[in-house]
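Inside the fold
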Amino acid sequence: MGTLVLCIDRDGSTPRDAPLVGEEAVADLVTEVGVEDPEDSHVNCLLEGLRVARDLRDDGEQPILAVLSCAGSTVNANRALAAQVDDLVAAYDPDGAVVVVDSAEDEQTLPIIESRVRVDAVDRVIVRQARDIESTYYLLKQVLADEELRKTVLVPIGVALLAFPALLTAADSIAVAVAVVAGVIGVFFLYKGLGVDGALAGLPGAVRTAFYAGRVSVVTYVVGVGLALVGVFLGAVGTTQVTDPVLIALEFLYESVPWFVLGALAAAMGRLVDEWLVNDRVRRSFMNLPFGIVGLGFVVRGFAGFFLERAGVIDRLRVPPVTVGPVSVDGFALTAGTRLAAFLIAGLVVSVLGVGVSSYVSGVAVEEIDDRA
């Protein structure tokens, strides 16, 4: 019983029969190998094995230090290494093992050892002068072994390296080529980072299920996307007369927000109808959603209109004359501040109205459920 401390020599450079067991024998081997080739990294592996065995003994355990050796990574070499492990397990019946390696090639023997004895730890010996190089090697090895990581890192880099010469030739400008490549890589990273690929992968199945279930939201979502595209088009058209970047953004919002609100309302109403058809009632959150969308639209359009009017891009908001029976009101124009206040008040009123309506509808639904129970 005890803990095996296994120093792996995949190069077959150990000048003695393997497995070599015992701390004294390993200490003699360190001197022999070190004098023969002071630059051999296996010397550090043997020294680390001696240190691990000493630390285990200080902790009250019974370490069994051994050196396993095989020449190369062929099938016969692996079988020879497996036979050495079998001999050690049969002779000492260890509780576990600590494997000491000094290269990625030595680390490939872990599956062979793990199939015969429990491996409690792997001690990788990296020479201090070569630590950065060795760490980079392990990192590249990990990247190349992970399929998902390869697709995320290596694919965009490879595409960029292939596209850059073509763009440089076509545009005859390094700045344009770098900008296009950087933009494409940025879009790809956002695509992966935001999980758009996962959402798109599940989209066909969700649409198919929605069609088979007869959900109204399928049609209303398409209507919402169409209205949003109309908003984008009208917003882009409205910015043609403005040159300042800030005013361009505000003008785009001012022109497109009503269409965005209509698109969101269409999608929300479809989801609300589906909820009602499935559950015979509508949850409070779904009732609040349309009112919240309209209220937010009033607030955004109000602020955008305020800044645009102060900048002289749009005219004042004019209220036409109104006649209701004997009462008549002449038309008038609202100042920028009054316009903003009117839109903010309208947004708040719609939001509060939504809370009241949703509370009332939810209350009725609860009473109906109680009556049925």
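Residues numbered from 1 in each chain as written. Predicted model: local features only at pLDDT ≥ 70, side-chain atom pairs only at ≥ 80, totals over all residues. Heavy atoms only, no water.

Looking at an unreviewed UniProt entry, the protein chain carries the name DUF373 family protein, with the source organism given as Halomarina halobia.

A word on the overall build of the protein chain
So the rule is basically this: Helix and strand definitions follow DSSP, with helices as H or I runs of at least four residues and strands as E runs of at least two, each counted in order from the N terminus. Residue exposure (1.4 Å probe, protein chains only): buried if accessible area is under 20% of the type maximum, exposed if over 50%, otherwise partly exposed. Every residue pair with non-hydrogen atoms within 4.5 Å of one another is taken to be in contact. To measure how exposed things are, a 1.4 Å probe is used in the Shrake-Rupley method; for residues, cover is taken only from the protein chains shown.
The helix and strand tally for the protein chain stands at 13 helices and 9 strands. When the 373 residues of the protein chain are sorted by exposure, 32% land in the buried category. Considering only contacts in the protein chain between residues 6 or more positions apart, those separated by 24 or more positions represent 66%. Per element, the accessible surface of the protein chain, about 22300 Å² overall, is 64% carbon and sulfur.

Considering the sheet that holds strand E1 (residues 3-9)
Picture the strands of a sheet paired through backbone hydrogen bonds; they go either parallel or antiparallel. As a reminder, the rule being used: Between any two strands, at least two bridges found by DSSP are needed for them to pair. The angle between two axes is taken between their N-to-C directions and runs from 0 to 180 degrees, where each axis is a line fitted to C-alpha atoms and a helix contributes only its stretch in contact.
Taken in spatial order, the 5 strands line up as E2-E3-E1-E4-E5 in an open sheet, and their pairing is mixed. The open sheet has two edge strands with one neighbour each: strand E2 (20-21) and strand E5 (119-124). Where E1 meets strand E4 (residues 96-101), 5 bridges bridge the pair, whose relative direction is parallel. Residue pairing for E4: Val5 is matched across the bridge by Val98. Lying on the sheet, helix H2 (residues 42-58) is in contact with E1, strand E3 (63-69), E4 and E5; it crosses E1 at an angle near 175 degrees. Strands E1, E2 and E3 of the sheet are contacted by helix H3 (residues 75-92), whose axis makes an angle of about 160 degrees with E3.

Side note on the UniProt feature "transmembrane region" (unreviewed entry) in the protein chain
Spelled out, the test is: UniProt positions are given in the numbering used here, feature names are shortened, and annotations may be inferred rather than shown by experiment.
Per the UniProt record, "transmembrane region" (unreviewed entry) is annotated on residues 149-168, 174-191, 212-237, 257-274, 286-308 and 340-366. A distance of 26 Å separates the end C-alpha atoms of residues 174-191, which is 100% helix and 0% strand. The annotated region residues 257-274 carries 100% helix and 0% strand content, and the separation between its end C-alpha atoms amounts to 26 Å.

What to know about the packing of aromatic side chains
What counts is decided by this rule: Two aromatic rings, drawn from Phe, Tyr or Trp (for Trp, its six-membered ring), form a pair once their centres lie within 6.5 Å of each other, and the interplanar angle then sorts them: stacked below 30 degrees, edge-to-face above 60, tilted otherwise. Geometrically, a lysine NZ or arginine CZ counts as sitting over a ring once it is within 6 Å of the ring centre and also within 35 degrees of the ring normal.
In this structure the tally under the stated criterion is 3 aromatic pairs. The interplanar angle of 70 degrees and the centroid separation of 5.4 Å between the aromatic rings of Phe306 and Phe307 together place this pair among those described as edge-to-face. It is Arg301 that lies over the ring of Tyr254; its NZ or CZ is 3.9 Å from the centre.

Regarding the packing of helix H1 (residues 23-36) against H2
Going by this rule: Each angle is binned into one of four classes, with values under 35 degrees roughly parallel, values over 145 roughly antiparallel, values of 65 to 115 roughly perpendicular, and all other values oblique. In a left-handed crossing the near helix is turned counterclockwise from the far helix by less than a right angle, and in a right-handed crossing that turn is clockwise.
One way to put it is that H1 packs onto H2 with a least axis distance of 9 Å and a crossing angle of 155 degrees. In terms of axis orientation, H1 runs roughly antiparallel to H2. Here the hand of the crossing between H1 and H2 comes out left-handed. Within the contact between the two elements, H1 uses Glu23, Val26, Ala27, Leu29, Val30, Val33 and Gly34 and H2 uses Val43, Leu46, Leu47, Leu50, Ala53 and Arg57.

Section: a nonpolar patch on the surface
Test applied: The patches reported here contain residues having more than 30% relative accessible area and no salt bridge. Joining distances are 9 Å for like charges and 5 Å for nonpolar side chains (Val, Leu, Ile, Met, Phe, Trp, Tyr). Salt bridges are defined by distance alone: a side-chain nitrogen of Lys or Arg within 4 Å of a carboxyl oxygen of Asp or Glu.
The grouping of Val322, Val324, Val327, Val329 and Phe332 at the surface amounts to a nonpolar patch, some 430 Å² of accessible area in total. Secondary-structure elements contributing two or more residues to the nonpolar patch are strand E7 (322-324) and strand E8 (327-329). Following the sequence through the fold, Val329 ends up in strand E8. Since its relative accessible area comes to 41%, Val329 is described here as partly exposed.

Some words on the side chain of Glu251
Worth spelling out the cut-off: Neither His nor the chain ends contribute to the count of charged residues, in which Lys and Arg are positive and Asp and Glu negative.
Structurally, Glu251 can be placed in helix H11 (residues 245-279). For the buried Glu251, no salt bridge exists, and the shortest N-O distance to an oppositely charged side chain is 8.2 Å, to Arg301. Excluding its chain neighbours within four sequence positions, the residues that come into contact with Glu251 are Gly238, Thr239, Val242, Leu308, Val313 and Ile314.

A look at the pairing of E4
Across the 6 residues of E4, 6 count as buried, placing the element largely inside the fold. Along E4, one buried face is formed by Gly96, Val98 and Val100 and the opposite face, lined by Ala97, Val99 and Val101, is buried too. With 5 bridges joining them, E4 and E5 adopt parallel strand pairing. Looking across to E5, one finds that Ala97 is bridged to Val119.

Comments concerning unusual backbone geometry
Phi is positive for Asp93, which is not a glycine, with a value near 45 degrees. Within the element layout of this structure, Asp93 appears in the loop between H3 and E4. Look at Asp93 and you get partly exposed, because its relative accessible area is 45%.

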